[in-house]
Amino acid sequence: MATGVAAVWVPVTDMDRAVAFYRDVLGLTVSSQSDDWSEIDANGLRLGLNARESASPSSGGGAVVTFQPDGSIEDEVAGLKERGADVEGEISEHPWGRIVPFKDSEGNDLQFYAPPAD
């Protein structure tokens, strides 16, 4: 049985560009960095940036890494756009919360999620 999530691996083709995105655009802490593997601390969840020769995002779906915004979701979207992130849509409202999709520097699917207001 699983006892938790050890890490989420994200494929990257350009490690320096990917590390810069997670550090400079998302404001996360880089725990370690090498040409083949880098680790990002996402509030206690380890994101492993995995360099692979054939790395390419899947257009057919797959895992999406969802982040908690530091401030309001609107402010975070504005900040992403200012820092050059590819924000793909608008904030969508759902009974279970609000989300907005965007891509990392390598084309991987990411999103911000805010729970519903009480």
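Below: a short report on this structure.

### Brief notes about the sheet that holds strand β2 (residues 29–33)
And then number 1: If you walk across this open sheet you meet the 4 strands as β1-β4-β3-β2, and the pairing is mixed. Only two strands of the sheet have a single partner each, and these edge strands are β1 (8–12) and β2. Between one strand axis and the next, the sheet turns through 25 degrees on average, direction left out of account.
And then number 2: Relative to strand β4 (residues 45–51), β1 runs parallel, the two being bridged by 5 bridges. Each bridged residue has a counterpart across the sheet, and for Val 12 the counterpart in β4 is Ala 51.
And then number 3: Along the sheet face, helix α1 (residues 15–25) touches β1, β2, β3 (37–42) and β4 and points at about 155 degrees away from the line of β4.

### Comments concerning helix α2 (residues 73–82)
And then number 1: If you check which residues of α2 are buried, you get Ile 73, Glu 76, Val 77, Gly 79 and Leu 80. Down the axis of α2, the buried set is contained in an arc of 160 degrees. They therefore lie on one face. α2 presents Asp 75 and Glu 82 as exposed residues on the side facing more than 90 degrees away from its buried surface.
And then number 2: Elements that come into contact with the buried residues of α2 comprise α1, β6 (86–87), β8 (97–103) and β9 (109–114).
And then number 3: Gly 84, located one to two residues past α2, shows a positive phi value of around 90 degrees.

### Concerning unusual backbone geometry
And then number 1: You will see that Asn 43, though not glycine, has its phi angle at about 60 degrees, which is positive.
And then number 2: With respect to the secondary-structure elements, Asn 43 resides in the loop between β3 and β4.
And then number 3: Taking the relative accessible area as the measure of exposure, Asn 43 reaches 67% and is therefore exposed.

Calculation criteria
- Residues numbered from 1 in each chain as written.
- Predicted model: local features only at pLDDT ≥ 70, side-chain atom pairs only at ≥ 80, totals over all residues.
- Heavy atoms only, no water.
- Pairing = 2+ DSSP bridges.
- Helix = DSSP H or I, 4+ residues; strand = E, 2+ residues; numbered from the N terminus.
- Axes fitted to C-alpha atoms, helices over the stretch in contact; angles between N-to-C directions.
- Contact = heavy atoms within 4.5 Å.
- Buried < 20%, exposed > 50% of the residue type's maximum accessible area, 1.4 Å probe, protein only.
- Arc of directions from axis to C-beta.

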